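# Tertiary structure, described
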Amino acid sequence: MNKFVKYGVAALLGLFVLTGCRTAAVYNVENDPIEAKVSSDKVYKAIKTAGYSKGWIITKVKPGLAMGKLNVRKHQAIVEIPYTSRNFSIKYKNSVNLKHNPETGTIHNNYNGWVQNLENAINFELSRFNQ
């Protein structure tokens, strides 16, 4: 009976490991509209503030293009964030230890959650201009 318990525990641990390392299609944000009437400088400020609130380091590459970098333990995600006064996008650029597969367009599931959190935070910051 002891042997069955050991195999059962090993199988459960294996299942948890496999479940925790799932991959999914890379999530990109394409031309998310900005409802508020704001300048592109204010859009960048909202992106930077939102990124900071979620642990992202946001830098301006050039007017209309920001880059976001997130470091979580031994993982790193890098995104490009093109923006105008009317919309913004978040596009995968590079990653470390996130199982990105360019052939299948998949990545570790956590990446998608991080990008969705960034998107939501940017939208929240932009909504503050409507008040």
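Our subject in this report is the structure included herewith. This is a predicted model, so every value here is computed, not measured. Each chain carries its own residue numbering, running from 1 in the written order of its sequence. Only residues with pLDDT of at least 70 get local features here, since the model is predicted, and only at 80 or more are side-chain atom pairs given and counted; chain-wide, interface and lining totals rely on the full set of residues. Hydrogens and waters are ignored; side-chain quantities use all the structure's heavy atoms.

## Here we look at helix 3 (residues 109-127)
Note the cut-off: Helix and strand definitions follow DSSP, with helices as H or I runs of at least four residues and strands as E runs of at least two, each counted in order from the N terminus. Helix span, as expected, comes to 1.5 Å for every residue beyond the first. Each residue is assigned to one of three classes by its accessible area relative to the maximum for its type, calculated with a 1.4 Å probe on protein chains only: buried under 20%, partly exposed between the two thresholds, exposed over 50%.
Under the 1.5 Å per step criterion, the end-to-end length of helix 3 is 28 Å for 19 residues, consistent within 8% with the ideal 27 Å. Turning to helix 3, its buried residues number three or more, namely Tyr111, Asn112, Trp114, Val115, Leu118, Glu119, Ala121, Ile122, Glu125 and Leu126.

## Here we look at the pairing of strand 5 (residues 75-82)
What counts is decided by this rule: Two strands are counted as paired when DSSP detects at least two bridges linking them.
Where strand 4 (residues 65-72) meets strand 5, eight bridges bridge the pair, whose relative direction is antiparallel. Opposite Lys69, over in strand 5, you have Ile78 as the bridge partner. Taking the residues that link successive antiparallel strands as the turn, the strand 4-strand 5 hairpin has two residues, and the phi of Arg73 there is positive, at about 50°. Strand direction decides the pairing type here: strand 5 and strand 6 (residues 87-96), joined by five bridges, are antiparallel. Bridged to Ala77 within strand 6 is Ser95.

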